[in-house]
Amino acid sequence: MYKYLRLIRVKNLLIVAATMVLIRYMIIQTLLNGYGLELQLPLWWFVELVAATVLIAAGGYVINDYFDTRADLINRPETVVVGKTITRRGAIAFHLALTITGIALGTIVSFKVGRPIFSLLFFLTSGILWFYSTIYKRQLLIGNLVVAILTATVPLIPLIFELPMLGTYRDIIFIYQLNLRVILYWVGGFAFFGFLLTLAREIIKDIEDFEGDTTLGRDTIPVHYGVKKAKLIVASILAITLVALVILFSAYLFKISKTGFDYISLVYMVVLVALPIFVLIFSVLLASTKSEYHRASLICKLIMLSGVLYTLVFAFFVN
């Protein structure tokens, strides 16, 4: 059982599930309650939605390891599972079981909310993950963008499936002219920063895997432009992230200051998000060994986790 848990990256899947739960209850529900409204998507349907997303993500990890065995044997041989403790045929069967179950659950929820077309999200994601592992990952920048976009989609899914259910409040929203776009702004903000940080982290991982990717002829950014330029690209993305964070968060603090300055959020963002991004920029630029790039990748992941956990601070302050 442990070998299968290693294959599907349980820790990453827990973060995916936690992101969806926190976005739903700390952001969407908190803002709806501010308007005197409640979540309308039933809890069990949401559980099915989270399960569908997690299962498809797990299937993506499996198929990625299946096609990435040769590179992993060079870059990180100690992590290889497919072909060692799990047969290649067993890995494919596991991938199909996870993916088909995920698509089925996602389709069921789509029909329940009255939007069958939403089921395409799960079919397309599964297909994209397959082609990412077989084609996109080997193409310049495309693979990085695919992973970043899919990561950015995770916080959006709870909102996408909640919106149709809010139709029950149509009259109230119209009569009182409630501006629910603020929910979209907040959730979209998490998706935006998730995209930028994931894109940076994927390029850092490509720098870390430079040796194996070069051997296998992959056209990654470090292989195509060189490690030095790749580091500058990562630093630029992180700098853009930092500037965007300062601008957007300053706008939030200025607006909220009319009802009471949010010192907690300010300290949280500076200490646990902004400063770590600043440190990460220099960590990437100064890194020269595989272990240092791996450490930079881990820092980036922790920054993303800090960003997601900010939802708790937001809910606390608003409440």
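Being a predicted model, the structure only gives us computed values, none of them experimental.

Predicted coordinates in regions of low pLDDT should not be interpreted in detail. Mean pLDDT for the protein: 90, with 93% of residues reaching 70 or above. By mean pLDDT, the top-scoring element of the protein is helix H7 (residues 142–162) (96), and the lowest-scoring one is helix H4 (residues 69–75) (68).

Examined against the element boundaries, Ser119 turns out to sit in helix H6 (residues 119–134). Residue Ser119 is classed as buried on the basis of its relative accessible area of 9%. Aside from chain neighbours lying at most four places away, what touches Ser119 is Thr107 and Ser110.

In this section: the packing of H6 against H7. The contact between H6 and H7 brings their axes to 11 Å, and the two run at 160°. Here H6 lies roughly antiparallel to H7, going by the angle between them. Crossing of H6 against H7: the hand is left-handed. Where H6 abuts H7, its residues Leu121, Phe122, Thr125, Ile128, Leu129 and Tyr132 lie against Gly143, Val146, Val147, Leu150, Thr153, Ile157 and Phe161.

On to the pattern of salt bridges, then. Evaluated as defined, the whole model comprises 5 salt bridges. We note a salt bridge from Arg218 to Asp213, for which the minimum N-O separation is 3.4 Å. Among the residues examined, Arg218 registers a relative accessible area of 6% and is labelled buried.

Time to look at the environment of Pro42. Tracing the backbone shows Pro42 in the loop between helix H2 (10–34) and helix H3 (43–67). Along the primary structure Pro42 and Ile23 are separated by 19 residues, whereas in three dimensions their C-alpha atoms are 15 Å apart. Not counting residues within four places of it along the chain, the set of residues in contact with Pro42 comprises Arg24 and Met165.

Basis of the calculations
- One numbering rule holds for all chains: residues counted from 1, following each sequence as written.
- pLDDT decides what is reported in this predicted model: residues at 70 or higher carry local features, side-chain atom pairs at 80 or more are listed and counted, and totals for whole chains, interfaces and linings draw on all residues regardless.
- The side-chain values count all of the structure's non-hydrogen atoms but skip hydrogen atoms and water molecules.
- Values of pLDDT, which run from 0 to 100, indicate the predictor's confidence residue by residue.
- What counts as a helix is a DSSP run of H or I of at least four residues, what counts as a strand is a run of E of at least two, and both are numbered from the N terminus.
- Each residue is assigned to one of three classes by its accessible area relative to the maximum for its type, calculated with a 1.4 Å probe on protein chains only: buried under 20%, partly exposed between the two thresholds, exposed over 50%.
- The contact criterion used is simple: two residues touch if any of their non-hydrogen atoms lie within 4.5 Å.
- Here an axis means a line fitted to C-alpha atoms, over the contact stretch when the element is a helix, while the angle between two N-to-C directions is reported on a 0 to 180 degree scale.
- Put simply, angles under 35 degrees are roughly parallel, angles over 145 are roughly antiparallel, angles from 65 to 115 are roughly perpendicular, and the rest are oblique.
- A clockwise turn of the near helix away from the far one marks a right-handed crossing, whereas an anticlockwise turn of less than a right angle marks a left-handed crossing.
- For salt bridges, the criterion is a side-chain nitrogen of Lys or Arg within 4 Å of an Asp or Glu carboxyl oxygen.

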